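# Observations on the model geometry
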Amino acid sequence: MVNISRELQPEPCILVIFGGTGDLARRKLFPALFNLYLEKQLPEQFAVVGIGRRLKDRGEYLESIVASIREFSRKTDPGHCADFLSHVHFFQMDITATESWDRLQEYLLDLDSKYHTQGNQLYYLSVAPQQFIPIVDQLKAHGMNRAAGSWRRLIIEKPFGKDLTSARQLNRKITGAFSESDIFRIDHYLGKGMLQNILVIRFANSVFEDVWNYKYIDHVQIRASEMVGVEDRGAYYDQTGALRDMVQSHLLQSLTLIAMEPPVNLSAEAIRDEKVKVIRSLAPLTPELVRKQVVRGQYAGYRQEKDVNPNSKTETFVAMKLYINNFRWAGVPFYLKTGKKLAERSMEVVVQFKKPPGVHYFGPETQLDPNLLVIKVQPEEGVFFRFNLKNLDSPEQIQPVEMDFCHNCGGKTSPEAYERLLHDAISGDSTLFTRWDEVEYSWRFVDTIAEAWQNSGEEPVIYPAGSWGPAEASELIKRDGRKWVRL
Ligand SMILES: NC(=O)c1ccc[n+]([C@@H]2O[C@H](COP(=O)([O-])OP(=O)(O)OC[C@H]3O[C@@H](n4cnc5c(N)ncnc54)[C@H](OP(=O)(O)O)[C@@H]3O)[C@@H](O)[C@H]2O)c1
């Protein structure tokens, strides 16, 4: 086994979670922190402060944290829970009340001397997007964004804006308070182990990287399907939709890992330099191309969901074909697909290779299956590879055979994305966070699609809940003589 060297280590700090009583903190952040604690991945001098209005004191807060660990943590070790909780605090405040910020500052100073956290503070904005700017303004107004001899960092949850204009406005605000290297923009898909594995699959295996281009690859599919609908997030989702919620962030980020050039080294900047080049190279979509290459769907019953406009045109499904205008990927289509209320929950990247040229050796009727490499991100984590062999029982036949590696089958659990991301932010490693220019170019690309939809006035196509999505998505790929690969 070879270790991937990582120079940065977790540093003493206070993690301040704005929205510490919310759903994300309960389901993801505290279970992740607890697992990091069990695995000794947190610094010894460490404290967490959850901020919210709805609970009254630390006792009540710790009870809610214990309950969330019981329900959502991949490891539960009651013996260590009390130790962990000794690092957890609650600060009741309304972030809109200016006077409470002075109290917060004092409170953090006290904790700093108690836990010897050296003045380092990491602010996690786990609140609604409209609260991002007011919080950053207050942090700046109270001088909490900088401290001589210590670091101050900001983790900002997705969504980063709702279009290019709002993203720029948000970015101006936060870069006016924190430097780019101290801003950690979360795209939690980047914390998923198998997406990180794309770089290892590519760059640690010459069998793949040497054929990773237009000469050998027929096309790529990147798909993320959910079985659930909007659940209780109707109000947010109806203003957002699948294009902004999934394509702008998770799917384009996955695409960059598949398509990027080898970076000069594995530093955060070198990797992100290459990723951003991919987004900049996306072939622009004119309104005409949007009509031909992008399918916009909505599941039947969506308009009756709670907090959703009964005449909503918001899409819950997107499928699209796009091209990358560079030498490596000339003419290779990338098909992206994502949706809610689909037949399965999965995220996969499918790389389909071209058929071998020597097909005529095996007779004119022979239909050889193309080689397939499938990177399975969730719920299974693994790699599937299909290739052709002579059938030993029936030597006249060639048959496709499969190698299927599954890391988490058989009950093994992998670290959650938020474990890795919190660990990295505490260590100051921004490799798995999106840099501003990546966000900016993604919005530019996505905005052209959103504008084309808006100007066309067309309705999304309705697809049955629990199906594989609209028939138009199958047509999109079938027109090119291809199909969505199903393992
Ligand atoms: N939930 C997820 O799975 C998920 C996934 C990806 C991204 N996100 C993003 O993460 C962020 C948080 O989502 P969430 O689902 O956790 O939201 P949520 O459950 O609605 O929680 C919102 C949090 O904000 C706090 N809050 C609201 N107004 C406040 C105020 N005036 N003063 C102090 N605290 C205030 C609430 O505390 P009190 O009610 O106690 O005041 C609560 O802790 C959002 O940006 C969301 O888009 C969430």
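Just so it is clear, the structure is predicted and the values come from calculations on it, not from any experiment.

Another aspect to go through is the domain arrangement of the chain. Size of an interface, as often reported, equals the accessible area lost when the parts are brought together. Structurally, the chain comprises domain 1 (13-157) and domain 2 (190-478). Summarising the inter-unit geometry, the C-alpha centres of domain 1 and domain 2 are found 34 Å apart. In this assembly, 21 residues from domain 1 lie in contact with 12 residues from domain 2. The junction of domain 1 with domain 2 conceals about 1400 Å² of combined surface from both sides, 69% of it contributed by carbon and sulfur atoms. Run the count over domain 1 and domain 2 and you get six residue pairs in polar contact (both at pLDDT 80 or more). Put simply, the parts of the chain that give the side of domain 1 that touches domain 2 at least two residues each are β1 (13-18), α1 (23-38), β4 (121-125) and β5 (152-156). Of the residues in the side of domain 1 that touches domain 2, the class split is 14 nonpolar, two polar and five charged.

As a structural note, the neighbourhood of the ligand is formed by 22 residues, with T21, D23, R27, R53 and V127 the closest of them. Take T21: an N or O atom from its side chain is 2.7 Å from an oxygen atom of the ligand. For the ligand, a nitrogen atom lies 2.8 Å from a polar atom in the side chain of D23. Its free accessible area being 890 Å², the ligand has 82% of it covered by the protein chains. Top contributing element to the shell around the ligand by residue count: α1, with three residues. Grouping the constituent residues of the shell around the ligand by class yields seven nonpolar, seven polar and eight charged.

Attention shifts here to the nonpolar core. Membership of the largest hydrophobic core comes to 141 residues, with the highest contact counts inside it found for F18, F30, L33, Y124, M320 and F334. Two domains share this core, each providing at least three of its residues, namely domain 1 (13-157) and domain 2 (190-478). Excluding anything up to four places from it in sequence, F334 contacts V220, L255, I258, A259, M320, K321, L322, I324 and W329. Counting residues in hydrophobic clusters, the runner-up holds five residues, among them V350, L372, V374 and F384.

Looking now at the pairing of strand β11 (residues 346-353). The buried fraction of β11 is high, at eight of eight residues. Alternating positions in β11 separate into two faces, S346, E348, V350 and Q352 on one and M347, V349, V351 and F353 on the other, with burial throughout. As paired elements, strand β7 (residues 217-225) and β11 share eight bridges and run antiparallel to each other. Directly across from I222, in β11, lies its bridge partner V349.

Let us look at the sheet that holds β7. As summarised here, the arrangement of the nine strands in space is β14-β13-β12-β11-β7-β10-β9-β8-β15, forming an open sheet in which the pairing is mixed. Every interior strand has two partners, whereas the edge strands, β14 (398-406) and β15 (461-463), have only one. Between one strand and the next, the sheet's axes are offset by a mean angle of 15°, whatever the strand orientation. As defined by bridge partners, β11 adjoins strand β12 (residues 372-378) across six bridges and the pair is classed as antiparallel. Bridging across to β12, E348 finds its partner in K376. Sheet contacts for helix α14 (residues 436-456): β8 (294-299) and β9 (317-322); angle to β9, the most-contacted strand, approximately 120°. Contacts between helix α15 (residues 471-478) and the sheet are confined to β7, β8, β9, β10 (334-339) and β15, with β9 contributing the most and set at about 10° to the helix.

Looking now at the pairing of strand β2 (residues 46-52). Counting buried positions along β2 gives seven out of seven residues, so the element sits mostly inside the fold. Covered by surrounding structure in β2 are F46, V48, G50 and G52 together with A47, V49 and I51, the residues of both alternating faces. Examined bridge by bridge, β1 and β2 share six bridges and lie parallel to one another. Directly across from V16, in β2, lies its bridge partner V49. Tracing the backbone out of β1, into α1 and back to the parallel element β2 gives a crossover that is right-handed. Where β2 and strand β3 (residues 88-92) come together, five bridges link them in parallel fashion. Residue pairing in the sheet places G50 in a bridge with F90 of β3.

This part is about the sheet that holds strand β6 (residues 183-185). The parallel open sheet is built from six strands, whose spatial order is β3-β2-β1-β4-β5-β6. A strand with exactly one partner marks an edge of an open sheet, and here the two such strands are β3 and β6. Across the sheet, the mean angle from the axis of one strand to that of its neighbour is 20°, orientation sign disregarded. The strands touched by helix α5 (residues 132-141) within the sheet are β1, β4 and β5, with β4 carrying the most contacts at an inclination of about 160°.

The next thing to look at is the packing of aromatic side chains. Scanning the entire structure with this criterion turns up 18 aromatic pairs. Centroid distance F18 to Y123: 6.4 Å. Interplanar angle 45°. Geometry classified as tilted. Placement of the pair is F18 in strand β1 and Y123 in strand β4, with a sequence separation of 105 residues. With relative accessibility at 0%, the residue Y123 sits in the buried group. Clustering of aromatic rings is evident, with ring pairs tying together F18, W101, Y123 and F178. Its guanidinium or amino end placed over the ring of W151, R153 lies 3.6 Å from that ring's centre, counting from NZ or CZ. Over the ring of W484 we find K337, and its NZ or CZ is 4.6 Å from the ring centre.

Rules used in this analysis
Residues numbered from 1 in each chain as written. Predicted model: local features only at pLDDT ≥ 70, side-chain atom pairs only at ≥ 80, totals over all residues. Heavy atoms only, no water. Domains from an automatic or database assignment. Contact = heavy atoms within 4.5 Å. Buried area = accessible area lost by both parts, 1.4 Å probe. Polar contact = N/O pair within 3.5 Å; in protein donor to acceptor, adjacent residues only side chain to side chain. Helix = DSSP H or I, 4+ residues; strand = E, 2+ residues; numbered from the N terminus. Nonpolar A, V, L, I, M, F, W, Y, C, P; charged D, E, K, R; others polar. Near = heavy atom within 4 Å. Areas by Shrake-Rupley, 256 points an atom, 1.4 Å probe, with all protein chains shown as cover. Core = buried A, V, L, I, M, F, W, Y, C linked by side-chain atoms within 4.5 Å. Buried < 20%, exposed > 50% of the residue type's maximum accessible area, 1.4 Å probe, protein only. Pairing = 2+ DSSP bridges. Axes fitted to C-alpha atoms, helices over the stretch in contact; angles between N-to-C directions. Right-handed = clockwise from strand over helix to strand, strands pointing away. Phe/Tyr/Trp six-rings, centres within 6.5 Å; stacked < 30°, edge-to-face > 60°. Lys NZ or Arg CZ within 6 Å of the ring centre and 35° of its normal.

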